[in-house]
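If you want the building blocks of each chain, they are given just below.
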Amino acid sequence: MGMAMKQGVQEPVSPPSENVEYFESRSFTELYDEYFDKVNRYLRYRVHNPWDADDLTTTVFLKALEKFDQYSRTSPFASWIFRIAHNTFVDFVRRNRETPMDQEELFQDEADDTWQPEQNLLTNEEVLLLRERLDMLSQDQRDVLTLRYFAELKIHQVAEVLGKSESSVKMISYRALQQLKRLYEGGNRDER
Amino acid sequence: MRDDERMSTEELHDSTITDLLRHLQQLRRAVPVNYQLKAELREKLLERMREMELQHSPQPPDRDVGRRWSVWGIYGGAVVLILAAVLLLVTRDAIVVREEELAGLRMAQSAEQVALAPDGEHIAYVANGDRLYTRPLSEDQQESRFILPATTGRYRAVAWSHSGRQLAVVEENQQVNRIWLVETDPDGAVRASSRLLKEEKGAVYHTPSWSPDNLSIAYTRMTGGKEEIWVSSTLSLQEKRVTEGSQPDWSPDGGSIAFVKGGTVSVLNLRTGEVRTIGPGTWPAWIAPDQIAYTTPQGNLVVARLEEKSVESDMLPVPAAMKDRIVRADWSRDRKEILISYQAGQSLAFGFAVRR
């Protein structure tokens, strides 16, 4: 295990050579601080039960810590952590296809000092509507859109996570957006 | 990364797609993040890192010259460890009284009218049923009175949020019963900024308990003598009944609620709906992810450790002045400070203690 993982205090990590274009020098804790929100939000969107999503988030970062010495640092951490997150999600779906309690029942809303119940309910409804429409897309389209727009990954990072080519991800993304647009415009026409 | 940078060129050529992307961005921001989990998991990861560092630290060289001393060192260390463990067992879970009776609290009419703040340094209390105060436990600071909306009811219960920045206050009225959320700053006097969480005719509320993320409040709702536990969102208008019973207390992970039904403490798993019986008693309070403290029918404190398939219970040694008379123990966030309400003659007294 690299010493760069000590409690937020990172020993200098030097790039292996000057011709390496990308080098991630931050410690695990710094990366955790940056990526927790994205991973948690991604899983909370994909898993209907927020407690399951939080359990999966915990699993993802514990796995990431155990495997951190296998992370090459010459590729973006985003791709690496989301590959773990996506695989963890896929395993979860395979193991457990039922969700006993829906997200909206648990009131797991973002803490907000502003008292805006109507706004909050409206947003919940919109999120649920989007989820319903995403469920009408293919698995590949859902994976690409959620990784790209909920995990905030770039095209090449999505490609790395899903093991696809960039051109393939671009095409899937384009078609998924067109399909989603039609679903919004046309009242859930399923044109798959 | 700016949002616009994520949009590929072909996506931007279509204005309706651009609108859709903006909509997705808005919805992404609406999906909540569990910041409490973020903090707790960070601690867990740091602990795991320390363990991993220890596992990977080089072993001391095995030298013949030092071997004998090493053996003696190991024996000596073992003896020290055993002594430390014995000392720990002897002193563990001892409750030491700091103040046997907090002054001025005899005006409180029930155990739920006084609450210990999460920081363990302040209390909130209701006096004569119609006045709400907070006060530091250190003597050199003044109490603060909170002026709530002018209603005719009496305040039945008070509970701190886990952030310590809000109080849930239950108002009981002959016509309408209410739960108020009151903004508070424990460090100074405040004219309370409050809002109504819930209002209902014919139902009596009591024993509010905040969820760990402060986004929900569980409480007892009593109608026609029947007690049920309900949960209301502190952000939206959502609410739901979770089970029959009273005195809910939310587990640290938010996944379970300890409660009382028929004089027995039980735990409801909110995810599965499974109910687990803990033991006869009242006023359950989670003091660790797998431990619940509660008051026995004999007026003492028990800590129940929830194993996978069994429950191990141990009596908590309590000060002699409170023995057999305890009504409720209210714990601080780190579970080191305890506000203990106990019977003192015909009225309730409140003591402040620390756990060692």
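One can find the structure itself at the top, above this paragraph.
Residues numbered from 1 in each chain as written. Chains lettered and ligands numbered in written order. Predicted model: local features only at pLDDT ≥ 70, side-chain atom pairs only at ≥ 80, totals over all residues.

Engineer: How do you make sense of the overall build of chain A when you look at a structure like this?
Structural biologist: Broken down by element type, chain A carries 7 helices and 0 strands. Looking at chain A residue by residue over its 192 residues, the buried ones come to 38%. Put simply, of all contacts in chain A between residues at least 6 apart along the chain, 64% involve residues at least 24 apart. (Helix = DSSP H or I, 4+ residues; strand = E, 2+ residues; numbered from the N terminus. Buried ≥ 20, exposed ≤ 12 C-beta atoms within 10 Å, placed from the backbone. Contact = placed C-beta atoms within 7 Å.)

Engineer: Just checking my understanding: could you explain the overall build of chain B for this structure?
Structural biologist: Secondary structure summary: chain B contains 5 helices and 24 strands in total. Partitioning the contacts of chain B with sequence separation of at least 6, the portion at a separation of at least 24 is 42%.

Engineer: Even after reading the chapter, I still don't get the nonpolar core, so can you show me in this structure?
Structural biologist: Inside soluble globular proteins, nonpolar side chains tend to come together where they are buried. Membership of the largest hydrophobic core comes to 69 residues, with the highest contact counts inside it found for B:Ala124, B:Val158, B:Val169, B:Ala285, B:Ile292 and B:Ala329. Counting residues per element, this core draws most heavily on strand E6 (residues 154–160) of chain B, which supplies 5 residues. With sequence-adjacent residues up to four places away left out, B:Ala329 is seen in contact with B:Trp283, B:Ala285, B:Ala293, B:Thr295, B:Leu301, B:Ile338 and B:Ile340. A:Phe36, A:Tyr42, A:Ala53 and A:Val60 belong to the second-largest nonpolar core, a separate cluster that totals 51 residues. (Core = buried A, V, L, I, M, F, W, Y, C linked by C-beta atoms within 7 Å.)

Engineer: Is there a simple way to explain the sheet that holds strand E12 (residues 226–233) of chain B in this structure?
Structural biologist: Across a sheet, paired strands are connected by hydrogen bonds in the backbone, their directions being either parallel or antiparallel. Residues and elements named next belong to chain B. An order of E10-E11-E12-E13 is seen for the 4 strands of this open sheet, with the pairing classed as antiparallel. Edge strands, defined here as strands with exactly one partner in the open sheet, are strand E10 (204–210) and strand E13 (239–244). Going across the sheet, the axis of each strand differs from the next one's by a mean of 30 degrees, ignoring polarity. Sheet topology note: the E10/strand E11 (residues 216–223) ladder contains 5 bridges and is antiparallel. Note that in E11 the partner of tyrosine 205 across the bridge is arginine 221. (Pairing = 2+ DSSP bridges. Axes fitted to C-alpha atoms, helices over the stretch in contact; angles between N-to-C directions.)

Engineer: I tried to follow the sheet that holds strand E3 (residues 122–127) of chain B on my own but got confused; where do I start?
Structural biologist: Residues and elements named next belong to chain B. Judged by pairing direction, the sheet is antiparallel, and its 4 strands sit side by side in the order E2-E3-E4-E5 without closing on themselves. This sheet does not close on itself; its edge strands, each paired only once, are strand E2 (114–116) and strand E5 (144–146). Strand after strand, the sheet turns through a mean of 20 degrees between neighbouring axes, direction not considered. Across 6 bridges, the pairing between E3 and strand E4 (residues 131–136) is antiparallel. Within E4, the position partnered with alanine 124 by the bridge is threonine 134.

Engineer: Hey, could you run me through helix H1 (residues 28–46) of chain A in this one?
Structural biologist: Residues separated by three or four positions in an α-helix point in the same direction, a consequence of the helix having 3.6 residues per turn. Taking the largest bend as the criterion, H1(A) deviates by roughly 45 degrees, centred on A:Tyr35. Of all 19 residues that make up H1(A), 14 are buried, and the element is covered over most of its length. (Bend = angle between axes of the 7 residues up to and from the residue.)

Engineer: Can you walk me through the environment of B:Ser233 in this structure?
Structural biologist: All names here are of chain B. Of note, serine 233 is situated in strand E12. Here serine 233 falls in the buried class, since 21 other C-beta atoms lie within 10 Å of it. Serine 233 sits 35 residues away from lysine 198 along the chain, and the two C-alpha atoms are 9.9 Å apart.

Engineer: Which parts of the structure should I look at to understand the environment of B:Trp286?
Structural biologist: Tracing the backbone through its elements, the reader meets B:Trp286 in strand E18 (residues 282–288). Through-space distance from the C-alpha of B:Trp286 to that of B:Ser256 is 10.0 Å; in sequence the pair is 30 residues apart.

Engineer: How should I be thinking about unusual backbone geometry in this particular structure?
Structural biologist: Leaving glycine out, the prevailing phi sign among residues is negative, and the prevailing peptide bond configuration is trans. Residue and element names in this part refer to chain B. Even without being a glycine, glutamine 247 presents a positive backbone phi close to 50 degrees. With respect to the helices and strands, the residue glutamine 247 is situated in strand E14 (residues 246–250). Even without being glycine, tryptophan 283 reaches a positive phi, approximately 50 degrees. Within the element layout of this structure, tryptophan 283 appears in strand E18. Residue classification places tryptophan 283 among the buried residues on the basis of 22 C-beta atoms within 10 Å.

Engineer: Where do I start with the pairing of strand E23 (residues 337–344) of chain B in this structure?
Structural biologist: For a regular strand, side chains alternate in direction, first toward one face of the sheet and then toward the other. Residues and elements named next belong to chain B. The buried fraction of E23 amounts to 6 of the 8 residues, a majority that puts the element mostly inside the structure. Of the strand pairs in this sheet, strand E22 (residues 326–331) and E23 are connected by 5 bridges, and their pairing is antiparallel. Counterpart to arginine 328 in the pairing with E23 is serine 341. The turn joining E22 and E23, which pair antiparallel and follow one another in sequence, is formed by 5 residues; a positive phi near 60 degrees is taken by arginine 335. Alignment of E23 against strand E24 (residues 347–355), held across 8 bridges, turns out to be antiparallel. Directly across from leucine 339, in E24, lies its bridge partner phenylalanine 352. Taking the residues between adjacent antiparallel strands as the criterion, E23 and E24 are bridged by 2 residues, where glycine 345 takes a positive phi near 70 degrees.

Engineer: Sorry, what's going on with the packing of H1(A) against helix H2 (residues 50–66) of chain A here?
Structural biologist: Axis angle and axis distance: for two packed helices, these are the angle between their axes and the distance between the axes, and together they describe the pair. Residue and element names in this part refer to chain A. The interhelical angle for the contact between H1 and H2, taken along N-to-C directions, is 150 degrees, at an axis separation of 9 Å. When the axes of H1 and H2 are compared, the pair comes out roughly antiparallel. Crossing of H1 over H2 shows right-handed handedness. Contacts from Phe28, Tyr32, Val39, Asn40, Leu43 and Arg44 in H1 reach Pro50, Ala53, Leu56, Thr57, Val60, Phe61 and Leu65 in H2. (Parallel < 35°, antiparallel > 145°, perpendicular 65-115°, else oblique. Left-handed = near helix turned anticlockwise from the far one by under 90°.)

Engineer: What's the story with the environment of B:Ile278 in this structure? I'm lost.
Structural biologist: Within the secondary structure, B:Ile278 is located in strand E17 (residues 275–280). Sequence separation of B:Ile278 and B:Val260 is 18 residues, and the distance between their C-alpha atoms is 9.7 Å.

Engineer: Would you mind going over the packing of helix H6 (residues 155–162) of chain A against helix H7 (residues 166–186) of chain A with me for this structure?
Structural biologist: Residues and elements named next belong to chain A. The N-to-C vectors of H6 and H7 enclose an angle of 105 degrees; their axes lie 8 Å apart at closest approach. When the axes of H6 and H7 are compared, the pair comes out roughly perpendicular. Along the contact surface, H6 presents Ile155, His156, Val158, Ala159 and Leu162, while H7 presents Glu166, Val169 and Lys170. Along the lines of polarity and charge, the residues of the contact of H6 with H7 split into 5 nonpolar, 1 polar and 2 charged. (Nonpolar A, V, L, I, M, F, W, Y, C, P; charged D, E, K, R; others polar.)

None of the figures reported here should be taken as evidence of function without further support.
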